[in-house]
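# Coordinates in review
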Amino acid sequence: MESLNRHTDYGQTALDESHLSGDPIAQLADWLVEAEQAGVYEPNAFVLGTIDADGKPTARTVLLKGVSAEGFFFATNYLSRKGQALAVNPAVTMVFGWYSQHRQVVVEGQAHQVPDAESDAYFASRPRDSQIATAASAQSQSIQDRAALEAEFEQTAARFLAGEVPRPEHWGGYRIVPTRIEFWKGRSNRLHDRIVFERASADQPWQVTRLQP
Ligand SMILES: Cc1cc2nc3c(=O)[nH]c(=O)nc-3n(C[C@H](O)[C@H](O)[C@H](O)COP(=O)(O)O)c2cc1C
């Protein structure tokens, strides 16, 4: 496979400590905007790693739906495989790969369910078909075939007719509060830049370190 032997030159554009905001959450938000402006497809998609009850890591892609001073918001089914993992272990990792910009951000932190009112507000903002699909699907559980899934969707749509679709109580948001955020910028000769922000807990100041590539 040709692409496995490719050696891309990541160029000389630097990532210097002086380029970065002192607040890595705001910095990640800036890189997100720059990824969007650069035309990255689904720039807010990230890989979410969790640890299940047996200590086994699992990962999947989800969409970042909000950034605040506290951290990062995404929404999912609380009874899904990831939801069950988070119920026993809130430790997570998030990986953003903006490869066309030679950028990666890796976040480590803890994910906690947001208050119901916040999940309600976010659910209400979603397109109606997404609301129906969410209400119709028991995410991560098996189903006989595609036809059965579509029948669930039609039955759910019929149940709510034109009325408001209420948020299922097992679906909602999580906020990931980070304790480590690493910014990676590809450079020539594989001498990549890596700047890591770490703090012991959310009320402690960030410490900044440069790592070898
Ligand atoms: C680009 C992309 C975005 C996705 N966004 C979400 C999301 O925001 N929330 C979600 O629950 N699943 C999302 N998914 C589906 C998840 O990857 C996954 O299949 C689902 O959440 C079930 O994961 P689990 O069984 O590990 O809990 C997305 C998938 C892709 C490829």
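Everything discussed here concerns the structure shown above.
This text gives an overview of the structure that appears in the document. Residue numbers here run from 1 along each chain, matching the order of that chain's written sequence. At least 70 in pLDDT is required for a residue's local features to be given in this predicted model, at least 80 for side-chain atom pairs to be given and counted, and no such filter applies to totals for whole chains, interfaces and linings, which use all residues. Hydrogens and water molecules were not included; the side-chain quantities draw on all heavy atoms of the structure.

## Let's talk about the site of the ligand
Note the cut-off: Near residues are defined by distance, with any heavy atom within 4 Å of the molecule or strand qualifying the residue. Counting of polar contacts relies on pairs of N or O atoms within 3.5 Å, with two restrictions inside protein: one atom must be capable of donating a hydrogen and the other of accepting it, and residues adjacent in sequence are counted only when both atoms are side-chain atoms. Working definition: helices are DSSP H or I runs of at least four residues, strands are E runs of at least two. Numbering for both runs from the N terminus. Ten residue types, Ala, Val, Leu, Ile, Met, Phe, Trp, Tyr, Cys and Pro, are classed as nonpolar, four, Asp, Glu, Lys and Arg, as charged, and the remainder, Gly among them, as polar.
Taken together, Arg-60, Thr-61, Val-62, Leu-63, Ala-75, Thr-76, Ser-80, Arg-81, Lys-82, Gln-139 and Ser-140 are the residues near the ligand. Within the side chain of Ser-140, an N or O atom sits 2.6 Å from an oxygen atom of the ligand. Among the secondary structure elements, those contributing two or more residues to the shell around the ligand are strand S2 (57-63), strand S4 (72-77) and helix H2 (81-88). Each residue belonging to the shell around the ligand can be placed in one class, and the counts come to three nonpolar, five polar and three charged.

## Digging into the packing of aromatic side chains
Quick note on the threshold: Any two rings among Phe, Tyr and Trp, with Trp reduced to its six-membered ring, count as a pair given centres within 6.5 Å; such a pair is stacked if its planes are under 30 degrees apart, edge-to-face if over 60, and tilted if neither. Accessibility here uses a 1.4 Å probe with only protein chains present; expressed as a share of the type maximum, an area under 20% marks a residue as buried, one over 50% as exposed, and anything in between as partly exposed.
Scanning the model with the defined rule gives 11 aromatic pairs in all. Both rings, one in Phe-46 and one in Phe-96, keep their centres 5.2 Å apart while their planes meet at 40°; by these two values the pair is tilted. Of this pair, Phe-46 sits in strand S1 (residues 45-51) while Phe-96 is found in strand S5 (residues 91-98), placing the two residues 50 residues apart along the sequence. For Phe-46, a relative accessible area of 1% translates into the label buried.

## Section: the pattern of salt bridges
Note the cut-off: A pairing counts as a salt bridge when a side-chain nitrogen of Lys or Arg comes within 4 Å of a carboxyl oxygen of Asp or Glu.
Under the defined criterion, the tally for this structure stands at 12 salt bridges. Across the salt bridge formed by Arg-194 and Glu-182, the nearest N and O atoms sit 2.6 Å from each other. Residue Arg-194 is found in strand S8 (residues 193-198), and its partner Glu-182 is found in strand S7 (residues 171-185); the two are separated by 12 residues along the sequence. The buried category is assigned to Glu-182, whose relative accessible area is 6%. In this structure, the salt-bridge partner of Asp-193 is Arg-210, at a minimum N-O distance of 2.8 Å. Of this pair, Asp-193 sits in strand S8 while Arg-210 is found in strand S9 (residues 207-210), placing the two residues 17 residues apart along the sequence. With a relative accessible area of 36%, Arg-210 lands in the partly exposed category. Here the salt bridges do not stand alone but share partners, grouping Glu-17, Arg-187, Asp-193 and Arg-210 into one network.

## Quick look at the packing of helix H4 (residues 128-136) against helix H5 (residues 146-160)
In plain terms, the rule: Every angle, taken between N-to-C directions, lies between 0 and 180 degrees, and every axis is a line fitted to C-alpha atoms, over only the stretch in contact when it is a helix. To sort the angles, those under 35 degrees are grouped as roughly parallel, those over 145 as roughly antiparallel, those from 65 to 115 as roughly perpendicular, and the leftovers as oblique. Rotating anticlockwise by less than a right angle from the far helix to the near helix defines a left-handed crossing, while the corresponding clockwise rotation defines a right-handed one. We call two residues contacting when some pair of their heavy atoms lies within 4.5 Å.
At their nearest, the axes of H4 and H5 sit 9 Å apart, and the two run at 115° to each other. Classified by the angle their axes make, H4 and H5 are roughly perpendicular. As H4 runs across H5, the sense of the crossing is right-handed. Residues Arg-128, Asp-129, Ile-132, Ala-133, Ala-135 and Ala-136 of H4 touch H5, and the partners they reach there are Glu-152, Phe-153, Thr-156, Ala-157 and Phe-160.

## Observations concerning H2
This is how the line gets drawn: Here the arc refers to the set of directions running from the helix axis out to each C-beta atom.
Along H2, the positions that sit buried rather than exposed are Lys-82, Gly-83, Ala-85 and Leu-86. Looking down the long axis of H2, one finds its buried residues gathered within 160° of arc, a one-sided arrangement. Those residues of H2 that are exposed and angled more than 90 degrees off the buried face are Gln-84, Ala-87 and Val-88. Where the residues of H2 are buried, they touch S1, S2, S4, S5, strand S6 (103-113) and S7.

## Here we look at the pairing of S8
Short version of the rule: Paired strands, in this sense, are two strands between which DSSP finds at least two bridges.
The element S8 is largely enclosed, with a buried count of five among its six residues. Of the strand pairs in this sheet, S8 and S9 are connected by four bridges, and their pairing is antiparallel. Bridging across to S9, Glu-198 finds its partner in Gln-207.

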